[in-house]
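Here is what each chain is made of, one letter per residue.
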Amino acid sequence: MSVAFTRENDLEATAADLPDRPISPHPNLVTASGLAALDAALAEARAAYAEAQTGDVQADRTAMARATRDLRYYGARRASAQLIETPPHPETVQFGTTVTLDREDGRRQTFRIVGEDEADPAKGSVSYVSPLAAAVMGKAVGDVAMVAGRDVEVIAIA
């Protein structure tokens, strides 16, 4: 057996031995759109797993490992998901609401508080366990909160 062949097998085994995706210790709160996204991701993981099983598993161990890992992750996240409905006219900042803040430096920021898997700050959503969301949860319009050592004022809740 050549050294090159042995190294190739070692690299393949390492690639196929993907670590599990970390699962947060926090409750898995989700909005309705977050639950739909989890369902879609789980369906996609199931399809990838089925496709990996029909192929030559030994030839593509990485695809099988990735599919298995994703199936475990999305299966666990879907099983632990707790759907939280947003009230139609919230009076305080809470999970699922959209909040607008005025910062001391004059900037205005609007974001929606969502579950960890659906958070995407670039698209205007932050996780309910983020420091920003934690600072404003429970606040009403006109209340001031401390975020990163600076005051922010809640000016709208939807």
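Let me sum up the structure you'll find in this document. Every value quoted in this text rests on a predicted model; they were computed, and no experiment measured them.

1. Thoughts on the environment of Ala122
For step 1, the next point in the chain: Within the element layout of this structure, Ala122 appears in the loop between strand E4 (108-114) and strand E5 (125-127).
For step 2, the next point in the chain: Measuring from C-alpha to C-alpha, the distance between Ala122 and Phe111 comes to 9.8 Å, with 11 residues separating the pair along the chain.

2. Overview of unusual backbone geometry
For step 1, the next point in the chain: Phi is positive for Ala148, which is not a glycine, with a value near 55°.
For step 2, the next point in the chain: Within the element layout of this structure, Ala148 appears in the loop between strand E6 (144-147) and strand E7 (150-157).

3. Topic: the nonpolar core
For step 1, the next point in the chain: Formed by 18 residues in total, the largest nonpolar core has its most connected members in Val93, Leu101, Phe111, Ile113 and Val136.
For step 2, the next point in the chain: If you list the elements that add at least two residues to this core, you get strand E3 (98-103), E4, helix H4 (131-136), E6 and E7.
For step 3, the next point in the chain: Looking at which element gives the most residues to this core, the answer is H4, with four residues.
For step 4, the next point in the chain: Among residues more than four places away in sequence, those in contact with Ile113 are Val93, Gln94, Phe95, Gly96, Thr97, Val126, Tyr128, Ala133, Val136 and Met137.

4. Comments concerning the pairing of E6
For step 1, the next point in the chain: On E6, burial follows the alternation: Ala145 and Val147 on one face are buried, whereas Val144 and Met146 on the facing-out side are not.
For step 2, the next point in the chain: The sheet contact formed by E6 and E7 spans four bridges and is antiparallel. For Val147, the partnering residue across the bridge sits in E7 and is Arg150.
For step 3, the next point in the chain: Between E6 and the antiparallel strand that follows it, E7, lie two residues; Ala148 among them carries a positive phi value of about 55°.

5. Re the sheet that holds E7
For step 1, the next point in the chain: Overall, mixed pairing links the five strands, which are arranged E5-E4-E3-E7-E6 in an open sheet. For this open sheet the edge positions go to E5 and E6, each flanked by a neighbour on one side alone. For this sheet, the mean angle separating the axes of adjacent strands, direction not counted, is 45°.
For step 2, the next point in the chain: As defined by bridge partners, E3 adjoins E4 across five bridges and the pair is classed as antiparallel. Considered in E4, the bridge of Thr100 is made with Thr110.

The rules behind each value
- Residues numbered from 1 in each chain as written.
- Predicted model: local features only at pLDDT ≥ 70, side-chain atom pairs only at ≥ 80, totals over all residues.
- Heavy atoms only, no water.
- Helix = DSSP H or I, 4+ residues; strand = E, 2+ residues; numbered from the N terminus.
- Core = buried A, V, L, I, M, F, W, Y, C linked by side-chain atoms within 4.5 Å.
- Buried < 20%, exposed > 50% of the residue type's maximum accessible area, 1.4 Å probe, protein only.
- Contact = heavy atoms within 4.5 Å.
- Pairing = 2+ DSSP bridges.
- Axes fitted to C-alpha atoms, helices over the stretch in contact; angles between N-to-C directions.

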